[in-house]
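Listed below, chain by chain, are the residues.
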Amino acid sequence: MTINSESRLMNINYNKKIFTVTIDVEADNVWSDPTNLTLKNLRCLEDFQTMCDKYNIIPSYLLSYETLFDEDFISFLKGHLKIGSCEVGMHPHVWTVPPFDEEKNGIDRNIIRYYQSMLSKDILFEKLNFLKKTIEEKIDNKITSHRAGRWGLCTRTIEWLEENDFVADTSVVPFKSFRDSAIDPAIFPEYYNSSVLPYRMSSNGLNRKGKLSLVEVPVTNINQFNVASIVRLADMVKKIRGGTRLRKILNKLSMYPLELRPYPEYSNGTLPKIAKIALKKNLPIINLMFHSSELLVQGSPYSNTKENTEKIWKHIEELFQYINNMKIQSSSISGSVNRLIELNYF
């Protein structure tokens, strides 16, 4: 780091910066088999919470429906909610949430991997209402935070969240498209033009700043240079000869966006580096994201080996150490938004 960048960091008011952790809590390895509803990874969250407590980090657990019937896990959540050391929100996988059209083993077989936008408004609202009600009954607490399943936010979901007094959504990943994981090539989330800063949402679009009470807190994804069009081109052509190479070149030059996720392929120190860049760019909230299943060996494509799983845990702890050493305040996702409102950010 240069002397100039050090001085810029020294001038940052860390008392007004907030660190938050948003975890999608779901079944094991739903990438490879979305009909698999085993929940071994939930046991890992107790050790993760211990790490959070050690570094004064307050995580937000965003729950899928299938996790709500593990009584030990629910007891764990209620204990930490009682002392304010975590938040609980919702993360709908619509194919696991009642009401079902064609149910088998807790799965709606007709809508596996569907985005929320692919359902009719009536069915979507029924499922969201059912998930919210069930979570709140299980944990004896109101929920106010949401991340769309498979990142598939839509205007109907925004409408429902606003009507139900949600404080925070965290479905947006700036500079990113999810075209590769779409089940319909014409329908997929795309956030190339989204702000990296928190913003009040609009009923007229996902990326538009509006006047709703609902606030979008994007996952931290840092574009160091103004190369969004190049990034988009690399994504669009990466299946064509040269596209993957272009993306690798951008990565090597540190021009491709750096997502604040504990990817095992990251080298040591990458997450603190991303946080430092976020601070220099004056992001008011630094938002780390991962899935609960990434903490379990063979629980996800990222934690497919013991070595990769250990790297994930190490990356998370490195970032927690940095946040703690810099004395940056940690808060839940809803707490982060409320803090910005107190500071008259919007």
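Residues numbered from 1 in each chain as written. Predicted model: local features only at pLDDT ≥ 70, side-chain atom pairs only at ≥ 80, totals over all residues. Heavy atoms only, no water.

**Section: the overall build of the protein chain**
What counts, and what does not: A helix here means a DSSP run of H or I that spans at least four residues, while a strand means a run of E at least two residues long, and both kinds are numbered starting from the N terminus. A contact between two residues is defined here by any heavy atoms of the two lying within 4.5 Å. Per-residue and other accessible areas follow the Shrake-Rupley method at a 1.4 Å probe size, with only the shown protein chains counted as cover for residues.
Check the secondary structure of the protein chain and you find 10 helices and 14 strands. Taking as baseline every contact in the protein chain between residues at least 6 positions apart, the subset at least 24 positions apart corresponds to 71%. As displayed, the protein chain has an accessible area near 15500 Å², and 48% of this comes from carbon and sulfur atoms.

**Considering the environment of tyrosine 345**
Put simply, the test is: Only protein chains enter the accessibility calculation, which uses a 1.4 Å probe. A residue is then buried if its area is under 20% of the maximum for its type, exposed if over 50%, and partly exposed in between.
The topology assignment puts tyrosine 345 in the segment after α10 (333-342). Taking relative accessible area as the criterion, tyrosine 345 reaches 33% and is therefore assigned partly exposed. Between the alpha carbons of tyrosine 345 and proline 198 there is a distance of 9.3 Å; along the sequence they are 147 residues apart. When residues no more than four places from it in sequence are discounted, the contact partners of tyrosine 345 are Leu197, Pro198, Pro284 and Leu340.

**Concerning the packing of helix α4 (residues 121-139) against helix α5 (residues 155-163)**
Between two packed helices, what matters for the description is the angle formed by their axes and the separation of those axes. Basically, it comes down to this: For helices, the axis comes from a line fit to the C-alpha atoms of the stretch in contact; other axes are also lines fit to C-alpha atoms, and the angle between any two N-to-C directions lies between 0 and 180 degrees. Any angle from 65 to 115 degrees is called roughly perpendicular, while one under 35 is roughly parallel, one over 145 is roughly antiparallel, and all others are oblique. Handedness of a crossing is defined here by the sense of rotation of the near helix relative to the far one, left-handed for an anticlockwise turn of less than a right angle and right-handed for a clockwise turn.
Where α4 contacts α5, the axes come no closer than 11 Å and their chain directions differ by 45°. Between α4 and α5, the interaxial angle falls into the category oblique. The chirality of how α4 crosses α5 is right-handed. On α5, the residues touching Lys121, Leu124, Phe125, Leu128, Asn129 and Lys132 of α4 are Arg156, Thr157, Glu159, Trp160 and Glu163.

**Comments concerning the confidence of the model for the protein chain**
The condition that has to hold: The quantity called pLDDT is the predictor's confidence in a given residue, expressed from 0 to 100.
Chain-level statistics for the protein chain give a pLDDT mean of 90 and a share of 88% at 70 or above. A low-confidence stretch, residues 1-10 (pLDDT under 50), is modelled with nine contacts involving residues beyond four sequence positions or located in other chains.

**Topic: the environment of proline 257**
Residue placement: proline 257 occurs in the loop between α7 (243-252) and β12 (258-259). Sequence separation between proline 257 and lysine 176 is 81 residues; the distance between their C-alpha atoms is 8.6 Å.

**Overview of the pattern of salt bridges**
Our working rule: Each salt bridge in this description consists of a side-chain nitrogen of Lys or Arg and a carboxyl oxygen of Asp or Glu lying within 4 Å of one another.
If you walk through the whole model with that rule in mind, you get 14 salt bridges. Lysine 54 serves as the salt-bridge partner of glutamate 317, at 3.5 Å between the closest nitrogen and oxygen. Taken together, the positions of glutamate 317 in helix α9 (residues 306-325) and lysine 54 in helix α2 (residues 44-54) put the pair 263 residues apart, joining distant regions of the chain. Linking lysine 132 and glutamate 136 is a salt bridge whose minimum nitrogen-to-oxygen distance equals 3.2 Å. Taken together, the residues lysine 132 and glutamate 136, both in helix α4 and four residues apart, mark about one turn of the helix.

**Description of the pairing of strand β1 (residues 18-25)**
The condition is simple: Strands are treated as partners if at least two bridges between them are detected by DSSP.
Counting buried positions over the eight residues of β1 gives eight, a clear majority of the element. Here two bridges tie β1 to strand β14 (residues 329-330), and the two strands are oriented parallel to one another. Across the sheet, residue phenylalanine 19 finds its bridge partner in β14, namely serine 330. Bridge count for β1 against strand β2 (residues 59-63) is five bridges, and the pairing is parallel.

**A short note on the nonpolar core**
Rules: We call a set of buried residues a nonpolar core when its members are Ala, Val, Leu, Ile, Met, Phe, Trp, Tyr or Cys and they connect through side-chain atoms within 4.5 Å of each other.
Core analysis: the largest hydrophobic core is formed by 86 residues, its most contacted members being Phe19, Phe48, Tyr61 and Phe320. Per-element tally for this core: the top contributor is α9, with seven residues. Not counting residues within four places of it along the chain, the set of residues in contact with tyrosine 61 comprises Ile23, Val25, Leu45, Phe48, Gln49, Phe76, Leu77, Cys86, Glu87, Val88 and Gly89. Listed in part, the nine residues of the second largest apolar core include Ala168, Val215, Ile333 and Leu340.

**Some words on the environment of asparagine 56**
If you trace the backbone, asparagine 56 turns up in the loop between α2 and β2. Given a relative accessible area of 57%, asparagine 56 falls into the exposed group. Taking the C-alpha atoms as reference, asparagine 56 lies 8.6 Å from phenylalanine 320; in sequence the two are 264 residues apart. In this structure asparagine 56 touches Asn324 and Ser330, once residues within four positions along its chain are discounted.

**As for α5**
Counted only if it meets this: Each C-beta atom gives one direction from the helix axis, and the arc is the one those directions make.
If you check which residues of α5 are buried, you get Thr157, Ile158, Trp160 and Leu161. Projected down its long axis, α5 carries its buried residues within an arc of 165°, all on one side. Looking at the buried positions of α5, the neighbouring elements they touch are β3 (87-90), α4, β6 (145-146), β7 (168-169), β8 (199-202) and β9 (205-209). Phi for aspartate 165, located one or two positions after α5, is positive at around 60°.

**Quick notes on the side chain of glutamate 66**
Keep this limit in mind: Think of it this way: Lys and Arg go in the positive column, Asp and Glu in the negative one, and His and the chain ends go nowhere.
Position of glutamate 66 among the secondary structure elements: in the loop between β2 and α3 (71-82). With no salt bridge to any partner, buried glutamate 66 finds its closest opposite charge in lysine 127, at an N-O distance of 11 Å. Ignoring any residue separated from it by four or fewer positions in sequence, one finds glutamate 66 in contact with Glu26, Ala27, Leu37, Leu39, His93 and Thr96.

**Re the packing of aromatic side chains**
Rules: Only centres within 6.5 Å qualify two rings of Phe, Tyr or Trp (six-membered ring in Trp) as a pair; their planes then separate them into stacked at under 30 degrees, edge-to-face at over 60, and tilted for everything else.
Throughout the structure, instances matching the rule amount to 16 aromatic pairs. With a centroid separation of 6.1 Å and an interplanar angle of 50°, the aromatic rings of phenylalanine 48 and phenylalanine 320 are classed as tilted. Residue phenylalanine 48 is located in helix α2, and its partner phenylalanine 320 is located in helix α9; the two are separated by 272 residues in the primary sequence. Accessibility assignment for this pair places phenylalanine 48 and phenylalanine 320 in one class, buried. Residues tyrosine 65 and phenylalanine 69 carry aromatic rings whose centres are separated by 5.2 Å and whose planes lie at 70° to one another, so their mutual orientation is edge-to-face. Assessed through its relative accessible area of 12%, tyrosine 65 is described here as buried. Taken together through their ring pairs, the aromatic side chains of Phe19, Phe48, Tyr55, Tyr61, Phe73, Phe76, Phe290 and Phe320 make up a single cluster.

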